[in-house]
Amino acid sequence: MENLDLISILGSTIRLSIPLIFTALAGLFTERAGVFDIGLEGKMLFSAFAAAVAAFMTGSPWLGLLAGITVSVLISLIHGFASITNRGNQIVSGVAINFLASGLTAVLGQAWFSQGGRTPPLAASARFTEIVFPYAAELREMGFFGRFYANVISGHNILTYLAFLAVPAAWWVLYRTRFGLRLRAVGENPGAVDTAGISVTWLRYRATICAGILCGCAGTYLSIAQSAGFVKDMSAGKGYIALAALIFAKWRPVPVMLACLLFGFLDAFANFMQGKSVPGIGEVPVQIFQALPYVLTCVLLAGFIGVARPPKAGGVPYVKER
Amino acid sequence: MSTASVPLPNWITYGLMPFLNLVVAFLISGVVVWFIGENPLEAVKLLLQGALGNGEGIGFTLYYATNFIFTGLSVAVAYHAGLFNIGSEGQAYVGGLGAALASLALDHYVPWYVTMPFAVIGAAIFGAAWALIPAWLQAKRGSHIVITTIMFNFIGAAMMVYLLVHVLIVPGKMAPETRVFLEGGQLPKLDWLIALFGGRLGAAPFNVSFLIALVMCVAVWLLIWRTKLGYEIRTLGASSTAAVYAGIPYVKTVIITMLISGGLAGMMALNPVLGASARLQVEFVGGAGFVGIAVSLMGRSHPLGIVLAAVLFGVLYQGGDALSFDMPKITRDMIVVIQGLVILFAGALEYLFRPAIVRVWQRFGKA
């Protein structure tokens, strides 16, 4: 009985972590390039809406994904235009994007579908549905590892596996390519990159585009893989948890994945614990689990679990002439 | 040649540029309204009528504006020190706890004007307390205050929900809220002020908090421009290395500034909690902390500008409410869209027109 619960918690940990992984990786690209990205939440919400609308209109989840990514990249470009080209305040730009996302998706959703900001429910063919690995049904009956294979490894949609592929891909791009080296350099010392004859502006724009693509996957996952349609404000703070995970992981790709899995696990565990009482303590309030990712991140920032050193040029617009 | 370093007269920087940015934000909002199939001009008319057409509308507008003055001041004080307090939302939420505890303790025994100072102090202390740890982390550990205050918004929200659901709830009731305060724990309505101008307040919750907000505007002005601490705060904001070199204590100034900022945010709770609903409810802040960022930016962190910007956002809130009644296709979320556009254009894209204006100025204005 105990094992069965653990397996189901782990299964839902995976499901809850995926949007966090995509979004935190998105933040990894922008923040390593020296652009603060509070607008992750908004980009996720915008792309969730776009994906749901496109999937509903065309009946194809792939076109939904394309729409989600396109919209998210466009929003990233707005963020880039404000904070790179116009040298505006990056935090303010992010806050504006979050407001716009929350408002515009609800207004357009209501105007187009009149269902209180929801999009109409999607048919299974318009969604990314679960992929069942070979022999999952047979192995389900065969002990702990069989169940682990059937419920945790198998039975997710394609975006889930894509997210886990995105982690090594992000690592490879950031640490093994020329683009990645320059991207990390521009987040630490843009002046040096500029002196080397590389455009700081174009490099930072490319970083925000990468972030847009990843956020687009996160939003698409929310609306057409995890659920069957868009619901008003469905990102529900996941963008901020991803931001916390990014800091918790000290801006490195593989720890980002682990931090997202940890926060996803906390979420799954909170759902599981709801209404259950622990012997000796009684019912643990669900709010503790909700606050825990943020508390952990603050404890980390306080310097109790190593030191989190952010990219040096983060949040500072680059001015060429002095 | 770049135009970023060319100086412009104040009336352009503080008048024309914000105005142009606002115009663009409203034009795009108009396009959104037109896009979903309503007449933008008609919408503007309904919005202004709803917000300013009668005493009740004005009362609601000023009620919302009161919230935004507090949070705007909160953001502005921190901004003068070069700190970006994005946690006014959480500080106001926790400040509500301080205000509510004062009312719950005193409303049986004393009239409102005795409760009020305790509620003000309670709200300010609780709000300031919620800014203390992020301030300490910034001052001592160098953790970015934006990140920590965001974290504390969420921690605060979880804590308040827990307290309201498990501790402060009235036994036997379903709604997660405190009991209704008696008259001794409420702030009275300002119906006489509206009546002075020949209007009727009606159901609008416009209350004494508005006057407290105006007092705080004066206090913040005095603090920032007329005291030693204010000078230190502004020096820190201009250049923290220069400030430290000049002997201004960095850690102390950062923490005190954030405590003041958090206290001002906490006082915002007086308006909805003691002035309007007479009880502490879940999510009563409703995004006012984030609107404070926009208000402070548009008001250029000056109390007078903040009052003007807060009234503008009050008009948007109340007018948007009225609009959603009359135009069913436009939901209340339209206000959020307009807010987002205003923050984007007046805040993040504030220099959008600067190069063009500089070119025009250099050609025609300089003579």
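Residues numbered from 1 in each chain as written. Chains lettered and ligands numbered in written order. Predicted model: local features only at pLDDT ≥ 70, side-chain atom pairs only at ≥ 80, totals over all residues.

- Naming follows an unreviewed UniProt entry, where chain B appears as Sugar ABC transporter permease of Pleomorphomonas carboxyditropha.
- Among the UniProt annotations of chain B, the heading Subcellular location (unreviewed entry) holds the following wording: "Cell membrane". (UniProt positions renumbered as here; feature names shortened; annotations may be inferred.)

- In the annotation of an unreviewed UniProt entry, the entry for chain A reads Sugar ABC transporter permease, and the organism field reads Pleomorphomonas carboxyditropha.
- UniProt lists a comment for chain A under the heading Subcellular location (unreviewed entry), and it reads "Cell membrane".

**Some points on the overall build of chain A**
Part 1: A count of helices and strands for chain A gives 13 helices and 2 strands.
Part 2: Scaling as 2.2 N^0.38, a compact globule of 322 residues should have a C-alpha radius of gyration of about 20 Å, and chain A matches this with 20 Å.
Part 3: Taken over the C-alpha atoms alone, chain A extends approximately 65 × 50 × 40 Å along its principal axes.
Part 4: Each of the 322 residues in chain A was classed as buried or not, and the buried ones make up 53%.
Part 5: If you take every contact in chain A between residues at least 6 apart in sequence, the share linking residues at least 24 apart comes to 76%. (Helix = DSSP H or I, 4+ residues; strand = E, 2+ residues; numbered from the N terminus. Rg over C-alpha atoms; globule rule 2.2 N^0.38 Å. Buried ≥ 20, exposed ≤ 12 C-beta atoms within 10 Å, placed from the backbone. Contact = placed C-beta atoms within 7 Å.)

**Brief notes about the overall build of chain B**
Part 1: Check the secondary structure of chain B and you find 16 helices and 0 strands.
Part 2: Expected size for 367 residues packed as a compact globule is a radius of gyration near 21 Å; at 21 Å, chain B falls within 12% of this value.
Part 3: A burial count over chain B gives 54% of its 367 residues as buried.

**A look at the UniProt feature "transmembrane region" (unreviewed entry) in chain A**
All names here are of chain A.
Part 1: The UniProt feature table records "transmembrane region" (unreviewed entry) at residues 6-28, 40-57, 91-113, 158-175, 240-266 and 286-308.
Part 2: Spanning residues 91-113, this segment combines 100% helix with 0% strand, and its end C-alpha atoms are found 33 Å apart.
Part 3: Strand forms 0% of residues 158-175 and helix 100%; the C-alpha atoms that close the span are 26 Å apart.

**Remarks on the interface of chain B and chain A**
Part 1: With 42 residues of chain B in contact, the opposing surface of chain A contributes 38 residues.
Part 2: At the level of secondary structure, the elements contributing two or more residues to the side of chain B that touches chain A comprise α5 (112-141), α6 (145-167), α13 (288-298) and α15 (333-348) of chain B.
Part 3: Counting residues per element, the side of chain B that touches chain A draws most heavily on α6(B), at 12 residues.
Part 4: Its residues assigned to classes, the side of chain B that touches chain A comprises 28 nonpolar, 10 polar and 4 charged. (Nonpolar A, V, L, I, M, F, W, Y, C, P; charged D, E, K, R; others polar.)

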